[in-house]
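Analysis of the macromolecular model
Each chain, letter by letter, is given below.
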Amino acid sequence: MRPTVVSAEVLFEEFRALLKWEWVASLGASERHFDDVAVRAARSGADLVGYLNYIHPYRVQILGEREVSYLANSSPEDCQRRIARIVTLEPPVVVLSDGQLPPPGLLEMCEQSQIPMFATPESSAYVIDVLRSYLSRHFADRSSMHGVFMDILGLGVLITGESGLGKSELGLELISRGHGLVADDAVDLFRVNQATIEGRCPELLRNLLEVRGIGLLDIKAIFGETAVRRKMRLKLIVYLVRRETMERDYERIPYEPLTQDVLGIPVRKVVIQVVAGRNLAVLVEAAVRNTILQLRGIDTYAEFVERHRRAMDEPGQAG
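What this report covers is the structure whose coordinates are included nearby. Predicted model only: the values in this text are computed from it and were never measured. (Residues numbered from 1 in each chain as written. Predicted model: local features only at pLDDT ≥ 70, side-chain atom pairs only at ≥ 80, totals over all residues. Heavy atoms only, no water.)

Observations regarding the overall build of the protein chain
From N to C terminus, the protein chain includes twelve helices and 14 strands. Computed over its C-alpha atoms, the radius of gyration of the protein chain comes to 27 Å, more than 25% above the 20 Å expected for a compact globule of 319 residues. Principal-axis analysis of the C-alpha atoms places the extent of the protein chain at approximately 90 × 60 × 30 Å. Looking at the protein chain as a whole, 42% of its 319 residues qualify as buried. (Helix = DSSP H or I, 4+ residues; strand = E, 2+ residues; numbered from the N terminus. Rg over C-alpha atoms; globule rule 2.2 N^0.38 Å. Buried < 20%, exposed > 50% of the residue type's maximum accessible area, 1.4 Å probe, protein only.)

Printed below as a string of structure tokens:
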């Protein structure tokens, strides 16, 4: 699903300080926003902002030095025609960048058509990067999952599984070993592009970890600033199960890496059996290190199979 709309006013206030822009036309059109159909059709926020382009409608049109020169350096008739074509694009906002002044007729056109226009001294490329990043996050497909989301050895790891197996306690032990907490209990997941899932903590639960028998712990206050993270990219799901579930549903050594679909993207998954006496923190760290090797193209299981095949092919090994 896609989130709520972004109006011209919201966009302006969000980056008023960063982009140092001014609202120069159509102050009364503060509620103008991105077309819902365009948002649903966009592959990412990158499709919703770009340089002046007559082919792509419904997006923020950025007018830098070259675009303003294109509009202005022509006969009065051509200039008026080029400016009028912008109306057919139905942009939610027009942005003048590079400290440019609007060509004759552009201000009038924006006022008549109720298209908000902002002016900023920042470069076109910078404005596009900032807005694309913001819109990609805001309009990303999103979901929520139950578990503990952590930064373990630089990898975004979601610890989840059957209830009552001590996921939060495991998270606390991993934090004490130097790893970082992103979220406990509820994790907000966003598909920020075609291959990336980003996980964050709901504002209400930020820095908090609930441990049964103790209650809520403020991880940042107890362990310091380095023990928490604002967001991470989801790269691995660690699924905790009881012995009977493991024996019934999973192979001891899976032939191929397990994955789980999250917002249409396959995410690597490992299943760890929980029994008394096992050091789960060490097992999770080992699973993360093995995943890092796999991401680098090193497959231990495939190498073992190849080693076994070579041993079988050696003279005297058969029979």
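Some details on the pairing of strand E12 (residues 231-241)
Relative to E12, strand E7 (residues 155-161) runs parallel, the two being bridged by six bridges. In the sheet register, Leu158 faces E12, and the bridge partner there is Ile237. Looking at chain direction, strand E9 (residues 196-200) and E12 are connected through three bridges and run antiparallel. The residue bridging Arg200 from the neighbouring strand is Lys231, located in E12. Alignment of E12 against strand E14 (residues 265-273), held across six bridges, turns out to be parallel. Residue Leu236 lies in a different strand from E14, and its bridge partner there is Arg268. (Pairing = 2+ DSSP bridges.)

A short note on unusual backbone geometry
Positive phi is not limited to glycine here, since Lys20 has a value of about 55°. Structurally, the position occupied by Lys20 is in the loop between helix H2 (16-19) and strand E1 (22-25). Residue classification places Lys20 among the partly exposed residues on the basis of a relative accessible area of 49%.

Observations concerning the side chain of Lys269
Following the sequence through the fold, Lys269 ends up in strand E14. If near-sequence neighbours (up to four positions away) are discounted, Lys269 is found in contact with Leu236, Ile237, Tyr239, Tyr250, Leu258, Thr259 and Gln260. (Contact = heavy atoms within 4.5 Å.)

A closer look at helix H11 (residues 280-295)
Taking 1.5 Å of rise per residue, the 16 residues of H11 would be expected to cover 22 Å, and the 22 Å separating its terminal C-alpha atoms lies within 8% of that figure. On its buried face, H11 is in contact with strand E6 (141-152), E7, helix H8 (167-176), E12 and E14. One or two steps after H11, the chain reaches Gly297, where phi turns positive at roughly 95°. (Expected span 1.5 Å × (residues − 1).)

Quick word on the environment of Leu205
When you line up the elements, Leu205 lands in the loop between E9 and strand E10 (208-211). On the basis of relative accessibility, which here comes to 25%, the residue Leu205 falls in the partly exposed class. Along the primary structure Leu205 and Asp184 are separated by 21 residues, whereas in three dimensions their C-alpha atoms are 7.4 Å apart. What Leu205 contacts, discounting residues up to four positions off in sequence, is Asp184 and Ala186.

Examining the sheet that holds strand E3 (residues 60-63)
One open sheet accounts for five strands, arranged E1-E5-E4-E3-E2; its pairing is mixed. The open sheet is flanked by E1 and strand E2 (49-51), the only strands paired with a single partner. This sheet shows a mean twist of 30° between the axes of neighbouring strands, independent of strand direction. Of the strand pairs in this sheet, E3 and strand E4 (residues 94-96) are connected by three bridges, and their pairing is parallel. By the bridge assignment for E4, Leu63 is matched with Leu96. Helix H4 (residues 65-72) contacts E2, E3 and E4 of the sheet and is inclined by roughly 85° relative to E3. (Axes fitted to C-alpha atoms, helices over the stretch in contact; angles between N-to-C directions.)

A few points about the pattern of salt bridges
The tally for this structure, following the rule as stated, stands at ten salt bridges. Among the salt bridges present, the one from Arg16 reaches Glu13, with a minimum N-O distance of 2.6 Å. Given the relative accessible area of 42%, Arg16 is considered partly exposed. Exposure remark for Glu13: the relative accessible area of 43% places this residue in the partly exposed category. For Lys220, the salt bridge identified is with Glu225, shortest N-O distance 3.4 Å. According to the relative accessible area criterion, Lys220 is partly exposed, its value standing at 34%. One salt-bridge network, held together by shared partners, links Glu198, Arg200 and Lys231. (Salt bridge = Lys/Arg side-chain N within 4 Å of Asp/Glu carboxyl O.)

Function cannot be inferred from these measures alone, as they are strictly geometric.
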